Amino acid sequence: MGGNYNVFNIEISVVTFVRRPDRPRRTDATPDPPRMEELRSYLPAALAFAVFAAAHSALASTRVKRAVLQRAPGIDRGYRLAYNVLAGILLGLTWWSLPADRLLVTIPPPASWALHAVRLAGMALLAASVRHVDGLAFLGIRQLSVKPGYLDEPERGRLIRKGAHAWIRHPIYTGLFLVLIGTPTVGVRDLVVLVLAVVYMAVGARHEERGLVARFGEDYEDYRREVGAFWPRGRT
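All residue numbers here refer to positions counted from 1 along the written sequence of the relevant chain. Whole-chain, interface and lining totals are the exception, using all residues; otherwise, since this is a predicted model, local features are given only for residues with pLDDT of at least 70 and side-chain atom pairs are given and counted only at 80 or more. Side-chain measures here rest on the full set of heavy atoms in the structure, leaving out hydrogens and waters.

## Quick notes on the confidence of the model for the chain
Okay, so step 1: Averaged over the chain, the pLDDT score is 83; the fraction of residues at 70 or greater is 83%.
Okay, so step 2: Values of pLDDT, ranging from 0 to 100, describe the predictor's confidence in every residue of the model. Residues count as neighbours in contact if any of their non-hydrogen atoms are within 4.5 Å of one another. Counting interchain partners and residues more than four positions distant, the pLDDT-below-50 stretch residues 1-22 has 100 contacts.

This is the structure in structure tokens:
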């Protein structure tokens, strides 16, 4: 995510539906690649996720926020909380739309140990990325008692260029990606979720950065030139 006060607009909830404990994997003696009819069963979940992605990105944009708050200025205190509640509902709908999984491959040790290390690295990066975030403001709870000073947020905030954000502009996206790929057991659901998440991250990051440029101006343009989006860029 971009190095700003509102540091993660994709919600970390993406990782919560990587696997569903109430829907065990179906295993076959000789797993086949995903079949077309099997992939079709994921269409409801893909549609639900597409609705989430579209609504989530649109309602987070500066232009939409300004338009909504100009027409209904009294809802600025509750905008962020309602935004998060809607995101949770749509992600929940995606969760429950996922069909039963089918195991495709299990990677044995020692290669599996490397994948576990990748997942732990992703978790560590996520923890480092949210270190400077005001959790209550991010959830929209603080705004219920403190009138927002910048759109739906308590203040305009500052451009964060330290910690994980000194090396990657969107470390939360990178951390989520590492968590998603860091598994030694891969099923059809894992592949579908990975594709959806990667598409969302790529498109969402570009959409988000337009708002960050509007918010921080030349400071963010300099940051974008100097720091890689998802992977560290070689420094001179």
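## Details of a nonpolar patch on the surface
Okay, so step 1: To count toward a patch, a residue needs a relative accessible area over 30% and no salt bridge; like charges are then connected within 9 Å, while nonpolar side chains (Val, Leu, Ile, Met, Phe, Trp, Tyr) are connected within 5 Å. Accessible surface is estimated by sampling points in the Shrake-Rupley manner with a 1.4 Å probe; for residues, cover comes only from the protein chains shown. Salt bridge criterion: a side-chain nitrogen from Lys or Arg within 4 Å of a carboxyl oxygen from Asp or Glu. A contiguous nonpolar surface patch, about 340 Å² in accessible area, is contributed by Leu136, Leu139, Ile141 and Leu144.
Okay, so step 2: In this structure, Ile141 sits in the loop between helix H6 (135-139) and helix H7 (171-181).
Okay, so step 3: The buried label applies to any residue whose accessible area, calculated with a 1.4 Å probe on protein chains only, is under 20% of its type's maximum; exposed applies above 50%, and partly exposed to all values in between. On the accessibility criterion, Ile141 (40% relative accessible area) is partly exposed. Numbering of helices and strands runs from the N terminus; a helix is a DSSP stretch of H or I covering at least four residues, while a strand is a stretch of E covering at least two.

## A word on the nonpolar core
Okay, so step 1: Throughout this description, the term nonpolar core refers to a set of buried Ala, Val, Leu, Ile, Met, Phe, Trp, Tyr and Cys residues connected via side-chain atoms within 4.5 Å. Counting 17 residues, the largest nonpolar core has Phe52, Tyr200 and Met201 as the members making the most contacts within it.
Okay, so step 2: Elements with a minimum of two residues in this core: helix H2 (43-60), helix H4 (76-97), H7 and helix H8 (188-216).

## Some points on the packing of aromatic side chains
Okay, so step 1: Aromatic rings from Phe, Tyr and Trp, taking only the six-membered ring of Trp, are treated as a pair when their centres fall within 6.5 Å; an angle between ring planes under 30 degrees marks them as stacked, one over 60 as edge-to-face, and anything in between as tilted. Evaluation of the coordinates by the stated rule reveals 6 aromatic pairs.
Okay, so step 2: Ring centres of Phe49 and Phe52 lie 5.5 Å apart, and the angle between their planes is 45°; this geometry places the pair in the tilted category. You can see Phe49 and its partner Phe52 sitting in helix H2, 3 residues apart, about one turn around the helix.
Okay, so step 3: Phe49 gets classed as buried once you look at its relative accessible area, which sits at 4%.
Okay, so step 4: By relative accessible area, which is 1% here, Phe52 ends up buried.
Okay, so step 5: An aromatic cluster is built from Phe49, Phe52 and Tyr200, whose rings are joined through pairwise contacts.

## A closer look at the pattern of salt bridges
Okay, so step 1: Under the criterion given, the structure shown has 8 salt bridges.
Okay, so step 2: In this structure, Arg169 engages Glu209 in a salt bridge whose closest nitrogen and oxygen atoms are separated by 2.7 Å. Of this pair, Arg169 sits in the loop between H6 and H7 while Glu209 sits in helix H8, placing them 40 residues apart in sequence. Neither Arg169 nor Glu209 differs from the other in exposure class; each is buried.
Okay, so step 3: Note that Glu221 and Arg224 form a salt bridge whose closest N and O atoms lie 2.9 Å from each other. In this pair, Glu221 and Arg224 both sit in helix H9 (residues 218-226), 3 residues apart, roughly one turn of the helix.
Okay, so step 4: On the basis of relative accessibility, which here comes to 27%, the residue Arg224 falls in the partly exposed class.
Okay, so step 5: Among the charged side chains, a network of salt bridges with common partners joins Arg169, Glu209, Glu221 and Arg224.

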